[in-house]
Each structure stands twice: as structure tokens, then as C-alpha cells.
Amino acid sequence: DQSDHPHHQGLFHTFSQVNGIDYWHMRGITKHLRFLREPQVGTKTGFVVSNAYLAKDLKTSLLSETISYEFVVTELGLLILLDSVIKADQEGVILGSKEEGGLAVRMSSDLCVETGATMLDDQGRRGGAAIWGKTARWVDNSGVKNGRWVGVTLMTHPGNGRLYHWHARDYGLLTANPLGPLNTAPDRVLKAGDSMRFRYAVMVHSSQTQLQYSPAAAQAVYQRYTSTQTQ
């Protein structure tokens with residue numbers, strides 16, 4: 001419901017610097033190519049898609065992305081698992097470390113720190129100023145809505161091999177950025193065929209009180225669930 005950042009599309013995964021093209025602010029085109037697994041409900045509820053990050057000519061693919069979305073009802077809430085693999089389709093594709101990149105969640109205006117909600121990471125830091133640019137396993141943004149404690153916990157997987165840096169703002173933005181340190185890390189230059197994998201999850205939760213929900217427990221549920229899956 002925000003008017004300040006119209007490019008914040010609720011839950012989204014993209015990058016702001018691919019060969020200088022800013023997909024985050026919707027100045028580049030990410031084209032949906034096809035479903036690799038059609039949306040389904042059953043043993044695995046979700047879908048898998050193939051996307052292409054298009055060059056400025058809107059024809060050449062710079063990056064191919066295969067990304068899966070899986071939805072699991074858990075004892076703590078709705079767990080959304082995202083697993084993205086990007087592959088360079090051209091020689092020398094450059095990925096920059098701008099803060100705007102990775103998996104992002106935008107909260108509604110009544111569930112942001114500026115309007116009384118709470119932002120907390122796994123190191124005990126609170127608020128966007130303390131969390132921004134730091135590494136963490138998870139960040140939770142929650143508050144009171146309709147008399148219940150509700151929010152989201154954005155999480156990363158230990159299988160990523162490194163902790164992600166966070167672009168977090170008190171106006172309700174959470175972003176797990178895999179290319180940090182933010183704005184200062186050297187560019188990654190991918191050869192044609194090089195790939196990178198990023199694994200994340202979001203727990204959408206609702207409970208009677210704040211004490212009934214634990215972001216750390218949500219991280220444990222995520223890791224326990226993925227440990228039983230065939231990768």
C-alpha cells in the first residue's frame with residue numbers, strides 16, 4: 001500500500017546492477033520464459049519458472065534464472081521456500097554489489113518500524129539503522145495487526161556457504177543480498193556458463209502474542225525441512 005517505492009512488489013527477487021542495468025528499479029526487463037514445473041498442489045505445493053534478464057536490446061539474454069517457489073504450512077506459519085540459480089548467457093556478465101539486490105519483502109505501512117512494528121535480526125540488532133549492511137542468518141519484521149502479532153521472517157540457508165548482507169529499512173523493507181558487502185564488494189564477473197545459487201525462505205506468521213512466535217524457531221523449521229529434501 002506504499003506510494004514511496006512503487007518498484008517494491010511485495011515479495012521479489014532481482015538485482016540492480018547486471019552489466020549496468022537496474023532491474024530492481026524496473027529499468028530492465030526480466031522475461032518469464034516458461035514454467036519448468038506448472039503450479040501444483042500436493043506433495044510439493046508450488047512451481048518452478050525459467051526467466052531471462054534481457055540486455056538493453058530487449059532480445060539478448062544476459063542471465064538465465066531457474067527459480068522455484070514452494071509453499072509449506074508449518075506449526076509456525078506459512079513457509080515460502082525460494083531457490084534461485086542464475087547462469088551467465090554471455091561472456092563477462094558483471095554483477096555489482098549495490099544494496100538493491102537479492103530477495104526482498106516489503107511490509108504494509110502499518111507493519112513497519114516507523115509505525116511501531118519491530119525489526120530484529122539473529123544477532124539481537126533492532127531497526128534498520130543497526131541491521132543495514134550487516135550479515136545475519138535471518139531478519140524478522142513484526143507488529144500488532146487486528147489484535148494479533150503478525151509479520152514475516154526472511155531467512156537464508158546455511159548451504160549458501162556465506163552469510164548474506166542486509167539492506168533493511170525502517171519504512172518496511174527487508175532484503176537479503178548475496179552479493180555484499182553492500183555497495184563496496186568487488187564486481188563479480190561471470191564467464192559464459194558460470195552459475196550461482198541462492199537459497200532463501202520467508203515465514204509468514206500470526207499468533208495471539210509476541211511470545212508465542214520465535215524467529216529462531218522458524219529458521220530451525222526451514223533448515224529441518226530442507227534437510228529432508230532432495231536438492
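Use the structure listed above.
These numbers come from a predicted model, not from an experiment.

Per the secondary structure count, the protein chain includes 2 helices and 15 strands. A compact globule built from 231 residues would reach a C-alpha radius of gyration of about 17 Å, and the protein chain, at 17 Å, matches this within 12%. For the C-alpha atoms alone, the extent of the protein chain along its principal axes is close to 50 × 40 × 30 Å. Taken over 231 residues, the protein chain has a buried fraction of 49%. Carbon and sulfur atoms provide 53% of the accessible area of the protein chain, an area that totals close to 10700 Å². The average position of the 23 basic charges and that of the 21 acidic charges among the side chains of the protein chain differ by 3 Å.

On to unusual backbone geometry, then. Of the consecutive residues Gly180 and Pro181, the connecting peptide bond is found in the cis state with omega at 10°. Backbone geometry places Leu58, a non-glycine residue, at a positive phi of 60°. Topologically, Leu58 is positioned in the loop between strand 3 (46-54) and strand 4 (61-73). Overall, the relative accessible area of 52% leaves Leu58 in the exposed class. You will see that Asn146, though not glycine, has its phi angle at about 50°, which is positive. Secondary-structure assignment places Asn146 in the loop between strand 10 (138-145) and strand 11 (148-156). Exposure remark for Asn146: the relative accessible area of 77% places this residue in the exposed category.

With that out of the way, let us pick up the side chain of Ser61. Relative to the helices and strands, Ser61 is located in strand 4. From its side chain, Ser61 meets the backbone oxygen of Leu63 in a polar contact 3.2 Å long. Among the polar contacts listed, one links the side chain of Ser61 to the side chain of Asp89, at a separation of 2.6 Å. Non-local contacts of Ser61, meaning those with residues more than four positions away in its chain, are made with Ala52, Tyr53, Leu54, Asp89 and Gln90.

Another aspect to go through is the pattern of salt bridges. Enumeration over the complete set of coordinates arrives at 7 salt bridges. Close ionic contact of Glu99 with Arg169 constitutes a salt bridge, the shortest N to O distance being 3.5 Å. Taken together, the residues Glu99 in the loop between strand 6 (93-95) and strand 7 (101-106) and Arg169 in the loop between strand 12 (164-166) and strand 13 (173-177) connect sequence positions 70 residues apart.

Rules of the game
- Residues numbered from 1 in each chain as written.
- Predicted model: local features only at pLDDT ≥ 70, side-chain atom pairs only at ≥ 80, totals over all residues.
- Heavy atoms only, no water.
- Helix = DSSP H or I, 4+ residues; strand = E, 2+ residues; numbered from the N terminus.
- Rg over C-alpha atoms; globule rule 2.2 N^0.38 Å.
- Buried < 20%, exposed > 50% of the residue type's maximum accessible area, 1.4 Å probe, protein only.
- Areas by Shrake-Rupley, 256 points an atom, 1.4 Å probe, with all protein chains shown as cover.
- Lys, Arg positive; Asp, Glu negative; His and termini not counted.
- Charge placed at Lys NZ, Arg CZ, Asp CG, Glu CD.
- Polar contact = N/O pair within 3.5 Å; in protein donor to acceptor, adjacent residues only side chain to side chain.
- Contact = heavy atoms within 4.5 Å.
- Salt bridge = Lys/Arg side-chain N within 4 Å of Asp/Glu carboxyl O.

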